[in-house]
Amino acid sequence: TLTEHSSEFGMLSVQGPNSRKILESICDADLSNEAFPFSTHQLTTIAGHQVRLMRLTFVGELGWELHIPTEGLVEVYQSLMEAGKEHGLVNAGYRAIDALSSEKGYKHWHEDVRPDTTPLEAGMAWLVNAKLKAGTDFLGRDALLAQKKNG
């Protein structure tokens, strides 16, 4: 059974070189590289609320997303902002994240990459070059080879 829970959670993002220090001061998780590798998630407690931390970044710096039950959003936000004062934490919106993402060279879905965009057109050939050279079969391989040959 698939159950819709989207309205039960909100998300905050803490990005930047001090994000680990800020979060370490308010949660019970080990945020070291060894214990919390990039692109993983863990449950922790912040301000008395269970939070799912996801280590990822859209701005090219160290960062985490915090997925929080809606009833805990304000308290977790307040805890973050208080802990972040000494580290210069400020609010920023998605336009700032988009600008930093673009500056870093990250691609945006529906802006830079769409369902009809190939890895070659998106400047992301590095994602498939090894498979093309090794002869690995994958969906769209023949089309990419033809595009590469024909330009």
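Residues numbered from 1 in each chain as written. Predicted model: local features only at pLDDT ≥ 70, side-chain atom pairs only at ≥ 80, totals over all residues. Heavy atoms only, no water.

**Notes on the overall build of the protein chain**
Within the protein chain one finds five helices and four strands. For the protein chain, the sequential pattern of α-helices and β-strands runs β-α-β-β-β-α-α-α-α. Over its C-alpha trace the protein chain gives a radius of gyration of 20 Å, far above what one expects of a compact globule, namely 15 Å for 151 residues. Dimensions of the protein chain, computed from the C-alpha atoms along their principal axes, are close to 55 × 40 × 30 Å. Taking all 151 residues of the protein chain together, the buried fraction comes to 32%. Contacts in the protein chain between residues far apart in sequence, at least 24 positions, make up 49% of those at least 6 positions apart. Carbon together with sulfur atoms contributes 53% to the accessible area of the protein chain, which is approximately 10000 Å² in total. (Helix = DSSP H or I, 4+ residues; strand = E, 2+ residues; numbered from the N terminus. Rg over C-alpha atoms; globule rule 2.2 N^0.38 Å. Buried < 20%, exposed > 50% of the residue type's maximum accessible area, 1.4 Å probe, protein only. Contact = heavy atoms within 4.5 Å. Areas by Shrake-Rupley, 256 points an atom, 1.4 Å probe, with all protein chains shown as cover.)

**Description of the confidence of the model for the protein chain**
When pLDDT is averaged across the protein chain, the result is 92; 100% of the residues are at 70 or more. Element-level pLDDT for the protein chain is lowest in helix α3 (residues 94-104), with a mean of 83, against a maximum mean of 98 in helix α2 (residues 73-84). (pLDDT = per-residue confidence, 0-100.)

**Here we look at the sheet that holds strand β1 (residues 9-15)**
If you walk across this open sheet you meet the four strands as β1-β4-β3-β2, and the pairing is antiparallel. Here the strands that pair on one side only, and so sit at the sheet edges, are β1 and β2 (41-46). Direction aside, neighbouring strands of the sheet carry axes that sit 30° apart on average. Both strand β3 (residues 49-55) and strand β4 (residues 63-69) contribute to a ladder of four bridges, which runs antiparallel. Within β4, the position partnered with R55 by the bridge is W64. Along the sheet, α2 contacts β1, β2, β3 and β4; its crossing angle with β1, the most-contacted strand, is approximately 10°. (Pairing = 2+ DSSP bridges. Axes fitted to C-alpha atoms, helices over the stretch in contact; angles between N-to-C directions.)

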